[in-house]
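Reading the structure
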Amino acid sequence: MCIFCKIVAGEIPSNKVLENDEFIAFHDINPVAPVHILIIPKKHVENFQSVTPELMANMTSFIQDVAKELCLDKNGYRLVTNNGKDGGQEVPHLHFHLLGGAKLKWTHLTENDTHKSL
Ligand code: AMP
């Protein structure tokens, strides 16, 4: 069982923000912004590449509700999902990072500064 499935099952504690039948939002244990929430489906889906449009449609509404709950909808936020090895995904259970609470920086994401062509 993956670590986020254990959170869903209540075997590992989490600091929950919002929950419904399909999704849970909880605080990241290692925040990189003043507000750093993880939003996951209760059903185990490995990552964004394997999510269905139907699940994603409901997840979109839930993410919007979480942003409203935390009053991030007015000033804005960043939504990130790390997908697979090159994306830097550490936990193999689909999750979106909802980041906000301050004006966020944007930076180069690799050591090589030249990304004009892939
Ligand atoms: P990623 O690198 O996109 O897979 O992100 C995984 C995130 O999960 C990291 O930001 C971790 O800090 C976070 N994380 C890992 N274990 C827990 C946990 N038990 N509770 C809350 N956040 C966690």
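Note that this is a predicted model, so its numbers are computed, not measured.

Look at helix H2 (residues 53-69): 24 Å from first C-alpha to last across 17 residues, which is about the 24 Å you get at 1.5 Å a residue. Of the residues making up H2, those classed as buried are Leu55, Met56, Met59, Phe62, Ile63, Val66 and Ala67. Along the axis of H2, the buried positions cluster into a sector of 145 degrees, meaning they face one direction only. Pointing more than 90 degrees away from the buried face of H2 are the exposed residues Pro53, Glu54 and Lys68. The inward-facing, buried residues of H2 abut strand S1 (16-19), strand S2 (23-27), strand S3 (35-41), strand S4 (78-80) and strand S5 (96-100). One or two positions beyond H2, positive phi appears at Cys71, with a value near 60 degrees.

Attention now moves to the nonpolar core. The biggest cluster of nonpolar side chains holds 19 residues, and the ones touching the most others in it are Ala25, Ile37, Ile39, Met59 and Val66. Counting only elements with at least two residues in this core, the list comes to S2, S3, H2 and S5. No other element matches H2, which puts seven residues into this core. In this structure, Met59 is in contact with Phe23, Ile39, Ile40, Pro41, Leu94 and Phe96, ignoring residues within four places of it in sequence. Of all hydrophobic cores here, the second largest spans nine residues; its members include Phe4, Cys5, Phe26 and Val91.

A few words on the layout of surface pockets. By volume, the largest pocket amounts to about 1100 Å³. Lining the largest pocket are 36 residues, with Val32, His36, Val80, Asn82 and His97 sitting closest to its centre. Elements represented by at least two residues in the lining of the largest pocket include exactly helix H1 (3-8), S2, S3, S4, helix H3 (84-87) and S5. Take the lining of the largest pocket: its biggest share by element is three residues, from H1. In this structure, the second largest pocket spans a volume of roughly 180 Å³. Lining the second largest pocket, in full, are Cys71, Leu72, Asn75, Gly76, Tyr77, Arg78, Leu99, Gly100, Gly101, Ala102, Lys103 and Leu104.

One pass over the full model with this rule turns up three salt bridges. Between Lys16 and Glu19 there is a salt bridge, with the nearest N and O atoms lying 3.3 Å from each other. A salt bridge links Lys42 to Glu19; its shortest N-O distance comes to 2.9 Å. Here Lys42, found in the loop between S3 and H2, pairs with Glu19, found in strand S1; they are 23 residues apart in sequence, far enough to count as distant. Exposure remark for Glu19: the relative accessible area of 41% places this residue in the partly exposed category. Overlapping salt bridges bring together Lys16, Glu19 and Lys42 as one network.

Conventions used here
Residues numbered from 1 in each chain as written. Predicted model: local features only at pLDDT ≥ 70, side-chain atom pairs only at ≥ 80, totals over all residues. Heavy atoms only, no water. Helix = DSSP H or I, 4+ residues; strand = E, 2+ residues; numbered from the N terminus. Expected span 1.5 Å × (residues − 1). Buried < 20%, exposed > 50% of the residue type's maximum accessible area, 1.4 Å probe, protein only. Arc of directions from axis to C-beta. Contact = heavy atoms within 4.5 Å. Core = buried A, V, L, I, M, F, W, Y, C linked by side-chain atoms within 4.5 Å. 1 Å grid on protein atoms, 1.4 Å probe; cavity = no way out; pocket = protein on both sides within 12 Å on 5 of 7 lines; lining within 4 Å. Points joined across faces, edges and corners; volume = space filled by probe spheres on them. Salt bridge = Lys/Arg side-chain N within 4 Å of Asp/Glu carboxyl O.

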